[in-house]
Amino acid sequence: MSEPLLKQPLLQVRGLKIGATVYPPGERPHAIEIVHGVDFDLEGGKVLGLIGESGAGKSTIGLAAMAYGRGGVEITGGEVHVNGRDILQSGLRDVRKLRGGEVTYVSQSAAASFNPAKKIMEQVTEAAIFQGKFSKKEAEARAVALFDKLGLPDPENIGERYPHQVSGGQLQRCMTALALCPEPDLVVFDEPTTALDVTTQIDVLAAIKEAIRDTGVAALYITHDLAVVAQVSDHIMVLQQGAMVEYGTTDQIINNPQEEYTQALVSVRSIAHEEKTPTDTPLLRVENITARYRGTDFDVLKDVSVDLHPGQTLAIVGESGSGKSTLARVITGLLPPSQGSITFDGRTLSPDLPTRSPEDLRELQMIYQMADTAMNPRQTVGTIIGRPLEFYFGLKGKAKQTRIQELLDEIELGDGFQDRYPAELSGGQKQRVCIARALAAKPKLIICDEVTSALDPLVADGILKLLLKLQKIEDVSYLFITHDLATVKAIADSIAVMLQGKVVRYGPKSQVLAPPFDDYTDLLLSSVPEMKLGWLEEVLAHRKMESAGN
Amino acid sequence: MHPILKLIAQRVALGLMLLFAASILIFGGTMLLPGDVAQQILGQSATPESLANMRAELGLNDPPVARYFQWLGGFLQGDLGTALTNGRDIAESLGGRLKNTLFLAFWAALISVPLAIFLGLLAVRYKDRIPDKLISAVTLTTISIPEFMIGYVLIYWVSIQMGWFSSVAIINDSMSLGQKLNAIAIPVMVLTLVVLAHMMRMTRAAILNVMQSAYIETAELKGMGMLKIIAKHAFPNAIAPIVNVVMINLAYLVVGVVVVEVVFAYPGMGQYLVDHVAKRDVPVVQACGLIFAAVYIGLNLIADIVSILANPRLRHPK
């Protein structure tokens, strides 16, 4: 009788409903439903990708597999069976045995998810030890083996370090080791590579995939990046606003998507942008810029020279720490360079912000990555956009209102947005308002610093299309800073690739993105996940072959 | 040199400089008072000749800078001068008083600090529920009532009605430790009630702040219980702000308990200082001022050093 008659799947979710309490400005807090009845099964040892944009409920569903609701999130209905038990009906004691034992979790930001005050080893083995799965000694041996398998340097001793003593990519591997250490049946990977640079992402992705395969663990792999999930999962479930859109094998979802929404996700980033030819006189000429931050003893920018032509886009590409945002600070005058000069529209710009003319300030505007923090939450959209109109052009009353409405029309936001507060806007709408604010000054150059990085792919596409359209209408130039090569392909006329403060490759887009490549650009380009099955293996095999060849 | 040693050395040097500055302020401040020591000793009816003689005798005709360094030099060698009112050596009479003050502060701290931290942890564990609200309500009430009031209420209930402890906290060296503790039991209770709320609320706030961190979620998803998470994962990251508020309260226990000393007739430093301020005994006021400043600066220095040591990024640089 003890033998189960039917083989139960490892994870069985039926009619899962999840609610949350929201606190809209000016309204009473109230409960809303964010996941509206989701069903799926996951067999042992298989990987299911949950994909969708922010707000699709994918993380929420992933955490529901651990009977956990983040913040004010509560599971309001349905069943979640793990190894045959409905964990939503279990008491807190049983749920605690499940968490960290049977089901474990890998978060997006390992840097935040490790306790800064404790050594890595202690944290990696903690769950395995107190869940009674292994003794301290066994758990530590297992952790070292996992560190080794995940390709961490010095696996014997890395556990003795504190989280701040290892890099972001290494910490993400440590987090994977933390999740695998208690020998769980299921791991929930919640955007585990999203915060990493592409060249790091590919290695971590490969390490995670290998670890999943070797340990035979099942996984829920949550991401907004379909190209990434295509590399690791057996099945994919597409979610939109808390409901399932499509479910199928990875092959079917990628190569033969049925639903319109899935098709849009698969074909995202397919904006075609014809490259413009450089003019005789560049709008912006950056010459031999070298810069360092005060109180440091190394140059963040080393001898950087680039040109940007009127009505065109120069993309500055690089990974974190490459100096691309510092270049923007130097151009805006926030960080005076130690050497070099900047020519803008035929005149030499003062290196220091306070000594620049109002005209210089007006003609050079910025849009930031986090639209959220770039706007005063206590001001309406009308006030935010109206401010530069008053400041630069002295517009008042009716004239100002008319101009604000024109700008709102240009960024494709309709009537009624003037009186809204930033908190009432979606991420994409906020970024549009920031674009309108920059445009209000009638600038010749807009510096766009990772403006689409915080947005979902489809929303980001919309912003890129808008920027291209506005460039045509207003003849404005963009200095486009990004780490994302797909964005670069979509928008740039010329490209500068940066590495450790230097420009390693620079020229028209068609040249920069065509072989022969230098080593770094090759690494960067080949690391961008492609929307096809087996891409990861191909790239890794190719790299192995090349390094063997050398 | 380990960067942390450098940081600590910097703090210590800063503390010493601060103490030096405080000594100048104390000395300068008492100099600004109308009249001088000679006038104080001889009284209003003194003749100009006797005043001049006295000034010469006390060295008051020397330039102020020279007198300051003489005072400071004496202080560093343990010579605090002589009290004007009774002609006794200040170091001697102050030593006993300081010992008593530290004795009272020690026992008050020994009870209040762990209790405050424990109550803070408990309040976090039962956040927004009855235990949390009860702890907040009670501690906020006791901090809001003037301490002499709490003192008299406790004397009435604990000492007179129940007859448990002595209502007068006079202690002397011939008493045993048990007798002494019996004598100071009620003042210790009063002080505990007074300092509890501040430390408890800071503990609660600091830990709640840490509880928002992603690594607390990691711990929850390891299946750990709340109390264990608070103690193992949250508390080590909340040490710095807690130690800071604890040290400020310890300083208060040493420096600011004059009201309680008066209520219980406790022979501590506060009472000694107040007595001599009333009698315009400048050397005693200066000595007490400098000792209080040293206690404040010293305890805050300890808080700073603990904060530095509690930071793993400083303890284990890359």
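Residues numbered from 1 in each chain as written. Chains lettered and ligands numbered in written order. Predicted model: local features only at pLDDT ≥ 70, side-chain atom pairs only at ≥ 80, totals over all residues. Heavy atoms only, no water.

### Things to note about the pattern of salt bridges
Residues and elements named next belong to chain A. Taken as a whole and judged by the stated rule, the model has 34 salt bridges over all chains. E537 is paired through a salt bridge with K209; the nearest N and O atoms lie 2.5 Å apart. Highlighted residues: E537 in helix α20 (residues 535-549) and K209 in helix α7 (residues 198-215), separated in sequence by 328 residues. Between K532 and E530 there is a salt bridge, with the nearest N and O atoms lying 3.8 Å from each other. Residue K532 is classed as partly exposed on the basis of its relative accessible area of 33%. (Salt bridge = Lys/Arg side-chain N within 4 Å of Asp/Glu carboxyl O. Helix = DSSP H or I, 4+ residues; strand = E, 2+ residues; numbered from the N terminus. Buried < 20%, exposed > 50% of the residue type's maximum accessible area, 1.4 Å probe, protein only.)

### A word on the packing of helix α1 (residues 3-32) of chain B against helix α4 (residues 64-76) of chain B
Residues and elements named next belong to chain B. Contact geometry of α1 with α4 gives a least axis separation of 11 Å together with a crossing angle of 125°. Classified by the interaxial angle, the pair formed by α1 and α4 is oblique. Here α1 runs over α4; the crossing is right-handed. Facing F20, S23, I24, I26, F27 and M31 of α1, the residues of α4 in contact are P64, R67, Y68, W71 and L72. Here the residues of the contact of α1 with α4 are counted per class, giving nine nonpolar, one polar and one charged. (Axes fitted to C-alpha atoms, helices over the stretch in contact; angles between N-to-C directions. Parallel < 35°, antiparallel > 145°, perpendicular 65-115°, else oblique. Left-handed = near helix turned anticlockwise from the far one by under 90°. Contact = heavy atoms within 4.5 Å. Nonpolar A, V, L, I, M, F, W, Y, C, P; charged D, E, K, R; others polar.)

### Some points on the sheet that holds strand β5 (residues 85-86) of chain A
All names here are of chain A. What the four strands build is an open sheet, ordered β2-β1-β4-β5; its pairing is antiparallel. Only two strands of the sheet have a single neighbouring strand rather than two, namely β2 (30-42) and β5. In this structure, strand β1 (residues 11-22) lies alongside strand β4 (residues 74-82), joined through seven bridges in antiparallel fashion. Pairing of L11 across the sheet is with V82, part of β4. (Pairing = 2+ DSSP bridges.)

### Considerations on the environment of P422(A)
If you trace the backbone, P422(A) turns up in the loop between α14 (397-410) and α15 (427-440). Considering only alpha carbons, one finds P422(A) and G45(A), 377 residues apart in sequence, at a separation of 44 Å.

### Examining the domain arrangement of chain A
Residues and elements named next belong to chain A. By the assigned domains, chain A splits into domain 1 (11-266) and domain 2 (284-514). Each of domain 1 and domain 2 has a C-alpha centre, and the two are 35 Å apart. Contact with domain 1, which involves eleven residues of that partner, is made by eight residues of domain 2. Here domain 1 is connected to domain 2 by zero salt bridges. For the pair domain 1 and domain 2, the interface holds three residue pairs in polar contact (both at pLDDT 80 or more). Those elements that provide at least two residues to the side of domain 1 that touches domain 2 are α7 and α10 (260-266). Taken together, the residues of the side of domain 1 that touches domain 2 break down into five nonpolar, four polar and two charged. (Domains from an automatic or database assignment. Polar contact = N/O pair within 3.5 Å; in protein donor to acceptor, adjacent residues only side chain to side chain.)

### Things to note about unusual backbone geometry
Most peptide bonds take the trans configuration, and most residues that are not glycine carry a negative phi. The step from P515(A) to P516(A) runs through a cis peptide bond, and the omega angle for that step is 0°. Following the sequence through the fold, P516(A) ends up in the loop between α18 (509-512) and α19 (519-527). Unlike most non-glycine residues, D303(A) shows phi in positive territory, near 50°. With respect to the element layout, D303(A) can be found in strand β12 (residues 301-308). Phi is positive for D128(B), which is not a glycine, with a value near 65°. Structurally, the position occupied by D128(B) is in the loop between α5 (90-125) and α6 (130-144).

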